[in-house]
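Structure assessment
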Amino acid sequence: MSLLDTILDRTVALSFDRSGFLRHQRRFVPGDLDVDLSGRVIIVTGASSGIGLATAKALARLKARVLMVGRDKARTEAAVALVRAEVPGAQVRAELLDVSHLAACRAWAAALPEGEVHGLIHNAGALVSRVIRTPEGFESTLACHVLGPMVLTEALAPRLLLAQGARVVFVASGGMYSRRLDVDTLHHDQDKGFDGVQAYADAKRAQVVLSEQLAARFNATGVTFNTMHPGWADTPGVEKGLPTFHRFTAKHLRSPEEGADTVVWLVACPRISGERGKLWLDRAPQPTHLLPWTHEDEAERDKLWAQVHAWAEVDPGWTTALLSK
Ligand SMILES: NC(=O)c1ccc[n+]([C@@H]2O[C@H](COP(=O)([O-])OP(=O)(O)OC[C@H]3O[C@@H](n4cnc5c(N)ncnc54)[C@H](OP(=O)(O)O)[C@@H]3O)[C@@H](O)[C@H]2O)c1
């Protein structure tokens, strides 16, 4: 990387915006996505809109069978119809699931027709300005970004193991760079004093740590876990969640397809089958901390694993039990 690239990346804005994508794109390895994913089953959550929809479309173009998971029937079916219209022969299917509803995640995974799952993309997410309670009483940011994905991962793990080299990708956010992991801040039992931006960044930080923990636990298997962040992409989610930011930056934002590029690459590129436990932006590994005071210690990481499993009512020893079978 040139000195100018390093300087521009340090500005953050000129890395996360569209100019950053176009600059980083020059280092992409040609042919990385010349791949035929026929026969691969890939689940994309939050596929009704934005980055999830762009990811599903790109994977359908590569001939994967894509399960497009959305929480709203009309929006999800419209997204599936759009992919079918734009990608002749697309093998995409609408799947109705609100990933913040843990019992629904369990039931949905159990009802999936038997077979391998080659890719699981935890993309569903939203930045909310007030506390929204899920049917199980969790604050929605925690439930949608952290608890639902863990329940789905645990429930689908046997199918991921069945597939040769399955890949799991968490779509996090550069917003997490501002926050240090603090497990006690994740659960918002009071509605008063809720800060949606902070809750979002905390949940995204938790995703990064959990992905690293899962990657380490599955190290001896073919299943890999990685996290990426998409930079700043112009999606309905950003327009709704950060309206002022969107108004001032709209001209400089990435397209949803540019935001989705690294998700698709992480799940599809054959050359990187051994990559695990990293955070990525624009097909390049990134540091998980930019500010010295945001480094968590091992005890806090262990606490996260234990607490998330307690909230989700999943045995924290599930990976050991599964992998010792
Ligand atoms: N765009 C960016 O610049 C940016 C930056 C950093 C990170 N991200 C992350 O990228 C991911 C996709 O966001 P986006 O920008 O593409 O936003 P988006 O256009 O709003 O898409 C978000 C998707 O997640 C779904 N979703 C939201 N809450 C859900 C819930 N409780 N249960 C199930 N599905 C839910 C939405 O469903 P509905 O259609 O029903 O609302 C939609 O399909 C998110 O995880 C977001 O945090 C985006």
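The structure presented is a predicted model; accordingly, all values stated were derived computationally and were not measured.

Here we take up the packing of aromatic side chains. Applying the stated criterion across every chain yields a total of six aromatic pairs. An angle of 50° between the planes, with centres 5.2 Å apart, marks the rings of Phe218 and Phe225 as tilted. With relative accessibility at 1%, the residue Phe218 sits in the buried group. Considering the side-chain rings of Trp232 and Phe245, the 5.2 Å spacing of their centres and the 80° angle between planes classify their relative orientation as edge-to-face. Pair noted here: Trp232 is in the loop between strand 6 (224-228) and helix 9 (236-241) and Phe245 is in helix 10 (residues 243-249), with a separation of 13 residues, a long-range link. Judged by its relative accessible area of 26%, Phe245 falls in the partly exposed class. When the ring centre of Trp305 is taken as origin, the NZ or CZ atom of Arg217, which lies over that ring, is 3.8 Å away.

It is worth spelling out the site of the ligand at this point. Taken together, 29 residues form the shell around the ligand, and within it Ser48, Ser49, Arg75, Tyr200 and Thr235 come nearest. Lys204 places a side-chain nitrogen or oxygen 2.9 Å from an oxygen atom of the ligand. For the ligand, whose accessible area on its own is 880 Å², the fraction buried by protein is 92%. The element that contributes the greatest number of residues to the shell around the ligand is helix 9, accounting for three residues. Partitioning the shell around the ligand into residue classes produces 14 nonpolar, eleven polar and four charged.

Let us look at the sheet that holds strand 5 (residues 167-171). Taken together, the eight strands give an open sheet; going across it, the order is 3-2-1-4-5-6-7-8, and neighbouring strands pair in mixed fashion. Strand pairing shows two members of the sheet lacking a second neighbour, strand 3 (91-96) and strand 8 (284-286), which therefore form its edges. Across the sheet, the axes of successive neighbouring strands diverge by a mean angle of 25°, strand direction being ignored. Examined bridge by bridge, strand 4 (residues 119-122) and strand 5 share four bridges and lie parallel to one another. Opposite Gly119, over in strand 5, you have Arg167 as the bridge partner. Sitting on the sheet, helix 4 (residues 50-61) is in contact with strand 1 (41-45), strand 2 (65-70), strand 3 and strand 4, with an inclination near 165° to strand 2. Across the face of the sheet, helix 5 (residues 73-86) comes into contact with strand 2 and strand 3 while running at roughly 175° to strand 3.

Parameters at a glance
- Residues numbered from 1 in each chain as written.
- Predicted model: local features only at pLDDT ≥ 70, side-chain atom pairs only at ≥ 80, totals over all residues.
- Heavy atoms only, no water.
- Phe/Tyr/Trp six-rings, centres within 6.5 Å; stacked < 30°, edge-to-face > 60°.
- Buried < 20%, exposed > 50% of the residue type's maximum accessible area, 1.4 Å probe, protein only.
- Helix = DSSP H or I, 4+ residues; strand = E, 2+ residues; numbered from the N terminus.
- Lys NZ or Arg CZ within 6 Å of the ring centre and 35° of its normal.
- Near = heavy atom within 4 Å.
- Polar contact = N/O pair within 3.5 Å; in protein donor to acceptor, adjacent residues only side chain to side chain.
- Areas by Shrake-Rupley, 256 points an atom, 1.4 Å probe, with all protein chains shown as cover.
- Nonpolar A, V, L, I, M, F, W, Y, C, P; charged D, E, K, R; others polar.
- Pairing = 2+ DSSP bridges.
- Axes fitted to C-alpha atoms, helices over the stretch in contact; angles between N-to-C directions.
- Contact = heavy atoms within 4.5 Å.

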